[in-house]
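Residue strings, one per chain:
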Amino acid sequence: EAGVAQSPRYKIIEKRQSVAFWCNPISGHATLYWYQQILGQGPKLLIQFQNNGVVDDSQLPKDRFSAERLKGVDSTLKIQPAKLEDSAVYLCASSLRPSSHTQYFGPGTRLTVL
Amino acid sequence: GQQVMQIPQYQHVQEGEDFTTYCNSSTTLSNIQWYKQRPGGHPVFLIQLVKSGEVKKQKRLTFQFGEAKKNSSLHITATQTTDVGTYFCADGGATNKLIFGTGTLLAVQP
């Protein structure tokens, strides 16, 4: 079974630039999550999708972050404009449904903002 | 908001020694999940505990859920070098919105 795919794996940008990350969840998984993991900390949920609808985006900095999952499959997370404090690993995860308690994580995208 | 703290932050052991990490929440946990993250890797699900006082074992790993559902622990017996990584607990919540703990980094010296 293919796992959660993410791209790019690494990205270096300058502050105030824009960046986008892509995630393809495990086939058939209805629930998709984006997490931000700052070095030395646990992952923090940014947004949760159920199919193409948003379940929770309470911790998403909406002035600069946006995410979409238009066809209920793959998803993109965008930052515009980026700040130095956005340097982190952005992890995508999926689960079969919200009540499925196993989340499968992708390899992540390591973002460095200079 | 809810805080999930883990102690210790870091533990260095000799191979063969035991290891325990403790997870404490400021609020009652819906369920507790444990994840392992190898250096440079991504979190991998280990187990979920739901019931008060629940104990589950996976080979050398023993997981416990506190009676009041506000704490949990992970114990590894006779550590091996393959156990190296950061162990996170996480509150699953009603919609599986995971709130991760601060993590414990385990280093194992051969």
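Structure's up top.
Cut-offs and rules
- Each chain carries its own residue numbering, running from 1 in the direction its sequence is written.
- Lettering of chains starts at A and numbering of ligands starts at 1, both following the order in which they are written.
- The model is predicted, so local features are restricted to residues of pLDDT at least 70 and side-chain atom pairs to those at 80 or more, both for listing and for counting; the totals for chains, interfaces and linings are taken over all residues.
- By convention in this description, side-chain values take in all heavy atoms of the structure and omit both hydrogens and water.
- Strand pairing follows a simple DSSP-based rule, namely that at least 2 bridges must link the two strands.
- Only DSSP runs of H or I with at least four residues qualify as helices, and only runs of E with at least two residues qualify as strands; both kinds are numbered from the N terminus onward.
- Under this scheme, a helix contributes an axis fitted over its contacting stretch, all axes are lines through C-alpha atoms, and angles between N-to-C directions fall in the 0 to 180 degree range.
- By definition, a salt bridge exists where a carboxyl oxygen of Asp or Glu is found within 4 Å of a side-chain nitrogen of Lys or Arg.
- Exposure categories follow from relative accessible area, calculated using a 1.4 Å probe and restricted to protein chains: below 20% of the type maximum is buried, above 50% is exposed, and the middle band is partly exposed.
- The rule for a disulfide is simple: a pair of cysteine sulfur atoms within 2.5 Å.
- The set of buried Ala, Val, Leu, Ile, Met, Phe, Trp, Tyr and Cys residues whose side-chain atoms join them within 4.5 Å is what this entry labels a nonpolar core.
- Contact definition: two residues touch when any of their heavy atoms are within 4.5 Å.
- Buried surface area refers to the total accessible area, computed with a probe of radius 1.4 Å, that the two partners give up upon joining, counted for both partners together.
- N or O atoms closer than or at 3.5 Å make up a polar contact, with two conditions inside protein: a donor-capable atom paired with an acceptor-capable one, and, for residues adjacent in sequence, both atoms drawn from side chains.
- We call Asp, Glu, Lys and Arg charged. Ala, Val, Leu, Ile, Met, Phe, Trp, Tyr, Cys and Pro are nonpolar, and the rest, Gly among them, are polar.

**Overview of the sheet that holds strand β7 (residues 65-68) of chain A**
Residues and elements named next belong to chain A.
Right, on to step 1. Spatially, the four strands line up as an open sheet ordered β1-β3-β8-β7, and their pairing is antiparallel. The two strands at the open ends of the sheet, each matched to only one other strand, are β1 (5-7) and β7. With strand direction ignored, the average angle separating the axes of adjacent strands in the sheet is 15°.
Right, on to step 2. Direction of pairing for β1 relative to strand β3 (residues 19-24): antiparallel, over a ladder of three bridges.

**Some words on the pattern of salt bridges**
Right, on to step 1. Following the criterion strictly, the structure yields four salt bridges over all chains and no others.
Right, on to step 2. Residues Arg64(A) and Asp86(A) are paired through a salt bridge, measuring 2.5 Å at the closest nitrogen-oxygen approach. With Arg64(A) in the loop between β6 (53-56) and β7 and Asp86(A) in the loop between β8 (75-79) and β9 (88-95), this pair connects stretches of sequence that are 22 residues apart. For the pair shown, Arg64(A) and Asp86(A) are each scored as buried.
Right, on to step 3. When the shortest N-O distance is used, the salt bridge between Lys56(B) and Glu54(B) registers 3.7 Å.
Right, on to step 4. Lys56(B) gets classed as partly exposed once you look at its relative accessible area, which sits at 30%.

**Things to note about the state of the cysteines**
Right, on to step 1. Applying the stated criterion to the full structure yields two disulfides over all chains.
Right, on to step 2. Two residues share a disulfide in this structure: Cys23(A) and Cys92(A), whose sulfurs sit 1.9 Å from each other. With the S-S dihedral at roughly -65°, the linkage between Cys23(A) and Cys92(A) falls on the left-handed side. A residue pair is termed long-range when its members are at least 10 positions apart, and Cys23(A) in strand β3 and Cys92(A) in strand β9 qualify at 69 residues. Here the two residues Cys23(A) and Cys92(A) agree in accessibility, since each one is buried.
Right, on to step 3. Each disulfide pairs two cysteine sulfurs, and for Cys23(B) the partner residue is Cys89(B), the sulfurs being separated by 2.1 Å. Sign of the S-S torsion, about 80° for the bond between Cys23(B) and Cys89(B), identifies this disulfide as right-handed. One end of the pair, Cys23(B), is in strand β3 (residues 19-25); the other, Cys89(B), is in strand β9 (residues 85-91), with 66 residues separating them in the sequence.

**Quick look at the nonpolar core**
Residue and element names in this part refer to chain A.
Right, on to step 1. Ranked by internal contacts, the top residues of the largest apolar core, which has 21 residues, are Phe21, Trp34, Leu77, Ile79, Tyr90 and Leu111.
Right, on to step 2. For this core, the secondary-structure elements that each account for two or more residues are β3, β4 (31-37), β5 (44-50), β8, β9 and β11 (109-113).
Right, on to step 3. Ignoring any residue separated from it by four or fewer positions in sequence, one finds Ile79 in contact with Gln17, Ser18, Val19, Phe21, Arg64, Phe65, Asp86, Tyr90 and Leu111.

**Points about the interface of chain B and chain A**
Right, on to step 1. Every contact between the two is made by 16 residues of chain B and, on the other side, 21 residues of chain A.
Right, on to step 2. Across the interface of chain B and chain A, roughly 1,500 Å² is buried in total on both sides, 50% from carbon and sulfur atoms.
Right, on to step 3. Our count for the contact surface shared by chain B and chain A stands at zero salt bridges.
Right, on to step 4. Run the count over chain B and chain A and you get two residue pairs in polar contact (both at pLDDT 80 or more).
Right, on to step 5. Residue assignment for the side of chain B that touches chain A shows that the elements contributing at least two residues are β4 (32-37) and β5 (44-49) of chain B.
Right, on to step 6. The biggest single contributor to the side of chain B that touches chain A is β4(B), with three residues.
Right, on to step 7. Taken together, the residues that form the side of chain B that touches chain A break down as six nonpolar, nine polar and one charged.

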